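# Topology and contacts: notes
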Amino acid sequence: LEEIRDIKKNVNIEIEAFVHGAECYSYSGACLLSSIIGGRSGNRGRCAQPCRLPYHVLQDHKKVTPEEQYVLSLKDMCTLELLPALIDAGIDSFKIEGRMKKPEYAAGVTAIYRKYIDLYEKDPQHYKVTREDLSMIRKLYIRSEIQDGYYRKHNGKEMVTLSKPSYSGSDEALLTRLRSEYIETTKKLAVKLHLTLHSGQAMECEITHENTGTTVSVKGDMVQKATSRPVERESVVKQISKTGNTNYRISDLTIDMDSDIFIPLKSMNIIRREGLQLLEQTLLGVPRKSVEEPIKDVKEDSGEKENPPRASHVTRLDTVIHTMEQLTHVLSFPSIDRIFVSSDLLYRNGIEGLQDSFREIREMIQSHHKRFYFVLPYIIRERSYAYLESIRCYITEPAVEGVLIRNLESLQWLKEISYQKSDGKDVILDAEIYCFNTKAKEFLLEKENATELTASYELNLKELLRMGLKHMNIPVYGRIPMMITANCIRKTTLQCANTISCNHQYDLLLEDRYQKNFYVNTNCLHCYNVIYNGQPTSLHGYLDKFLRYHVKAMRLDFTTEQGMEIDAVVHFFENAIQHPEEKMTPPYTEFTKGHLARGVE
């Protein structure tokens, strides 16, 4: 709530927030679990909800509990009792999660939230949610238990449904009432209609939408002077009031007419229909913008030069590292050009040791003539800015050539401290800042001052080549981060470690029903988990294609790898790049090709 208040205070924009229903375990937009293991992307609204399945939690390869638990399944959110605080925080729009729910659920939950929003606005001093209404909302497809989300807490075991998170069912009598009240009854928008009928003038119809005050006016046929029987007012009222199966009902009708006129009934039907159509078009808002011509592929990357590179062509290898051991090993390889060091590694000896840690890392990298970059955290919250300020002097050092960032908050912070390419600093966006098309690529490079982008894990090869490989960083090896979560699996199943010493520990594993493992990185420094795929993604089978398009850099991301395992991976990719025409066997038996071939739904 404090963060929401701060956003509302500092940004002139409407804010929408979820208030009810199923919650994602991962930070919004930072979940690839369904995408990677099943090909159904949550970013495209196709999530298969693997977070709702049971998992074993393992520590040192031993099960923490004898039974499987639903450690990724959050209880449903219900914020009825918290509504006053949400309204006072400045939230403009409340959003009810209704994915795959029945109409009765949408109607019932919406009605009860509307009731309590109105109650608070009318009489804030006496706001109270009745037991009857809480009982009613629990009968509408609630997932076993409810809680009030993250508004008042950062995480907690009490937020998770560890037992089977099935829906508790619904009350049939309640569903029947909701169907009768909201679904089987046609709801229409109330409008005011004013009709003017004067002899010798065009008939005129003015229609006003009651809720918004939107008014339109249309003119119709000429009104004639009656030669025998003038039209009666009652006939006009009856005819103009026939809204039929439209979305409108006339709540207030006024007619200004002469007594001796004649107008065909058909003319009144036409003017009413045209008036309601014009009102609907007006209510729907601004017409769609014209579609711009698609941006053509960049010539340098269009595939015109498809001959394999000559031996003199050099494609460099970059690497992301999280530990001093990983750093020591990658330094020994001449093919490694840029080394991206997790900024958390500065904290390995606590905040008092920041300067010494930086000096040691810098000297190691410089002595091996490598290029030095930092990697900033996955998530930046309000609490994170003290951390960023503590490392600011190190990332701005002349020895550090740039940063790899994973969220838009980091990008904004870099702007505020004037960290930019005009000063010789690279700002490289990682795969978590999604870029799926040429429009996004153009915007991020030209408007947001990025120097390089990282290919999204959800792009297939055709999409990647269509977007163009210029200014693109290609991760060819590494465990994909499937989830970044505020909730902590260690805290839920064991106890909170509450120490920065475990920033890059992978002491927990999630094991699914097929005995597939996922690594859990407990990062106490930023209080989040990163859940990595158990199998690394390896694109060694596509190196010839990347080289054909003269990709300048490919990246190896190391997470759990240690010692000789790192040596074997780097050595394999060195050889594969030097001899792309040869089929080589990687030093690991299990791997995935990711989405490069299949793409996602």
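Per chain, the residues get numbers from 1 upward, laid out in the order the sequence is written. Since the coordinates come from a predicted model, pLDDT governs what is reported: local features require at least 70, and pairs of side-chain atoms require 80 or more to be given and counted, while whole-chain, interface and lining totals use all residues. Hydrogens and water molecules were not included; the side-chain quantities draw on all heavy atoms of the structure.

### Looking at the overall build of the protein
Of the regular secondary structure elements, the protein holds 17 helices and 25 strands. Partitioning the intrachain contacts of the protein with sequence separation of at least 6 by distance along the chain shows that 70% fall at a separation of at least 24. Residue exposure ignores everything except the shown protein chains as possible cover, and the areas themselves are Shrake-Rupley values with a 1.4 Å probe. Counting every atom, the protein has about 30,700 Å² of accessible surface; 49% of that belongs to carbon and sulfur. Within the protein, the 83 negative side-chain charges are centred at a point lying 4 Å from the centre of the 79 positive side-chain charges. Helix and strand labels come from DSSP, where a helix needs a run of H or I of at least four residues and a strand needs a run of E of at least two; each type is numbered from the N terminus. Whether two residues are in contact is decided by their heavy atoms: any pair within 4.5 Å suffices. A positive count includes Lys and Arg, and a negative count includes Asp and Glu. His and the chain ends are not counted in either. Note that the charge is assigned to NZ on lysines, CZ on arginines, CG on aspartates and CD on glutamates.

### Considerations on the sheet that holds strand E1 (residues 16-21)
Pairing between strands is defined by DSSP: at least two bridges between them are needed. Spatially, 4 strands are ordered E5-E1-E4-E6 in an open sheet, and the strand pairing comes out mixed. Single-partner strands in this sheet number two, and they are strand E5 (93-96) and strand E6 (146-147). Two strands pair when backbone bridges link them, and E1 and strand E4 (residues 76-78) are joined in this way by 2 bridges, in the antiparallel orientation. From the neighbouring strand, His 20 faces E4, where its bridge partner is Cys 78.

### Some points on the environment of Tyr 120
On the secondary structure map, Tyr 120 appears in helix H4 (residues 103-122). C-alpha of Tyr 120 to C-alpha of Thr 282: the two residues are 162 residues apart in sequence and 32 Å apart in space. Not counting the four nearest positions on each side in its chain, Tyr 120 is found in contact with Pro 84, Ile 87, Asp 88 and Tyr 127.

### With respect to the pairing of strand E9 (residues 215-222)
Looking at chain direction, strand E8 (residues 202-209) and E9 are connected through 6 bridges and run antiparallel. By the bridge assignment for E9, Glu 204 is matched with Lys 219. Hairpin connection between E8 and E9: a loop of 5 residues separates the two successive antiparallel strands, and Gly 213 in this loop has a positive phi of roughly 80°.

### Topic: a nonpolar patch on the surface
Two joining distances apply to patches: 9 Å for like charges and 5 Å for nonpolar side chains (Val, Leu, Ile, Met, Phe, Trp, Tyr), and every residue must have over 30% relative accessible area and no salt bridge. What counts as a salt bridge is simple: a side-chain nitrogen of Lys or Arg found within 4 Å of a carboxyl oxygen of Asp or Glu. On the surface, Ile 7, Val 11 and Ile 13 cluster together to form a nonpolar patch covering roughly 250 Å² of accessible area. Turning to its location among the elements, Ile 13 is positioned in the loop between helix H1 (2-10) and E1.

### Thoughts on the sheet that holds E9
With respect to topology, 4 strands assemble into an open sheet ordered E9-E8-E7-E11, the strand pairing being mixed. Pairing within the sheet leaves two strands with one partner each, and these edge strands are E9 and strand E11 (248-257). Pairs of neighbouring strands in the sheet enclose a mean axial angle of 20°, with direction left out of account. Contacts from helix H7 (residues 233-240) reach strand E7 (189-197) and E11, with the element oriented near 150° to E11. What counts as an axis is a line fitted to C-alpha atoms, over the stretch in contact for a helix, and the angles between N-to-C directions run from 0 to 180 degrees. In the packing of helix H8 (residues 265-284) onto the sheet, contacts are made with E7, E8, E9 and E11, and the angle to E9 comes to roughly 155°.

### A closer look at the pattern of salt bridges
Side-chain pairing between opposite charges can occur once the charged atoms of the two side chains come close. Counted by the stated rule, this structure contains 32 salt bridges. A salt bridge links Glu 104 to Arg 179, with the nearest nitrogen and oxygen atoms 2.8 Å apart. Note that Glu 104 is positioned in helix H4 and Arg 179 in helix H6 (residues 172-183), a separation of 75 residues in sequence. Exposed residues in this analysis have more than 50% of their type's maximum accessible area, buried residues have under 20%, and partly exposed residues fall in between, with area computed by a 1.4 Å probe over protein chains only. Judged by its relative accessible area of 7%, Glu 104 falls in the buried class. Assessed through its relative accessible area of 23%, Arg 179 is described here as partly exposed. Between Arg 114 and Asp 118 there is a salt bridge whose closest N-O contact spans 2.9 Å. Remark: Asp 118 and Arg 114 occur in helix H4; sequence separation between them is 4 residues, near one turn of the helix. We classify Arg 114 as partly exposed; its relative accessible area is 43%.

### Some details on empty space enclosed by the protein
Using a grid of 1 Å spacing that covers the protein atoms alone, one calls a set of points a cavity when a 1.4 Å probe fits there but cannot get out, and a pocket when the set is open and has protein on both sides within 12 Å along at least five of seven lines; lining residues are those with an atom within 4 Å of a point. Grid points are joined across faces, edges and corners, and a volume is the space filled by probe spheres set on the points. Using the criterion set out here, one finds 4 cavities of 30 Å³ or more in the structure. Size it by volume and the largest cavity reaches roughly 200 Å³. Lining of the largest cavity is provided by 19 residues; of these, Ser 456, Tyr 457, Pro 475, Thr 537 and Leu 539 occupy positions nearest its centre. The leading source of residues in the lining of the largest cavity is strand E19 (residues 472-478), at 5 residues. Here the lining of the largest cavity is composed, by residue class, of 11 nonpolar, 5 polar and 3 charged. Following the grouping adopted for this structure description, the nonpolar residues are Ala, Val, Leu, Ile, Met, Phe, Trp, Tyr, Cys and Pro, the charged ones are Asp, Glu, Lys and Arg, and the polar ones are all others, Gly among them.

### Details of the nonpolar core
The tendency in soluble globular proteins is for nonpolar side chains to be buried as a group. Throughout, nonpolar core names a set of buried Ala, Val, Leu, Ile, Met, Phe, Trp, Tyr and Cys residues whose side chains join them through atoms within 4.5 Å. Ranked by internal contacts, the top residues of the largest apolar core, which has 74 residues, are Phe 374, Leu 464, Ile 474, Phe 546, Met 554 and Phe 573. Looking at which element gives the most residues to this core, the answer is helix H17 (residues 563-578), with 7 residues. The next biggest cluster of nonpolar side chains, apart from the first, holds 31 residues, and it includes Ile 4, Leu 82, Ile 91 and Ile 117.

### Notes on H8
Expected span, for any helix, means 1.5 Å times one less than how many residues it has. Its 20 residues place the ends of H8 29 Å apart at the C-alpha level, agreeing with the 28 Å of an ideal helix rising 1.5 Å per residue. Ser 267, Met 268, Ile 271, Arg 272, Gly 275, Leu 276 and Leu 279 are the residues of H8 that are buried. Buried residues of H8, viewed axially, fall in a sector of 160°; they line one side. Opposite its buried face, H8 presents the exposed residues Lys 266, Gln 281 and Leu 284, each directed more than 90 degrees away. Trailing H8 by a residue or two, Gly 285 shows a phi angle of about 100°, which is positive. This arc is built from the directions going out from the helix axis to the C-beta atoms.

### Some remarks on unusual backbone geometry
One can expect most non-glycine residues to show negative phi and most peptide bonds to be in trans. The backbone of Gln 49 sits at a positive phi, close to 60°, despite the residue not being glycine. Assignment of secondary structure puts Gln 49 in the loop between helix H2 (33-38) and strand E2 (56-59). Here Gln 49 falls in the partly exposed class, since its relative accessible area comes to 29%. Look at His 369: it is not a glycine, yet its phi comes out positive at around 60°. Its location among the elements puts His 369 in the loop between helix H10 (354-367) and strand E15 (371-375).

### Here's the deal with helix H11 (residues 384-395)
Between the first and last C-alpha of H11 there are 16 Å, a value that for 12 residues agrees with the 16 Å anticipated at 1.5 Å per step. If you check which residues of H11 are buried, you get Ser 384, Tyr 387, Leu 388, Ser 390, Ile 391, Tyr 394 and Ile 395. Projected down its long axis, H11 shows its buried positions confined to an angular sector of 165°, all on one face. Where H11 is buried, its residues meet H10, E15, strand E16 (400-405) and helix H12 (408-416).

### Some thoughts on the packing of aromatic side chains
A pair of Phe, Tyr and Trp rings is counted when the ring centres sit within 6.5 Å of each other, with Trp represented by its six-membered ring. The angle between the planes then sorts it: under 30 degrees is stacked, over 60 is edge-to-face, the rest tilted. With the rule as written, the count across this model stands at 17 aromatic pairs. Ring centres 5.1 Å apart and planes at 40° place the aromatic pair Phe 358 and Tyr 394 in the tilted group. In this pair, Phe 358 sits in helix H10 while Tyr 394 sits in helix H11, placing the two residues 36 residues apart along the sequence. Residues Phe 358 and Tyr 394 agree in their burial class; the two are buried. Among the aromatic residues, those joined into a cluster by ring pairs are Tyr 477, Phe 558, Phe 572, Phe 573, Tyr 588 and Phe 591.

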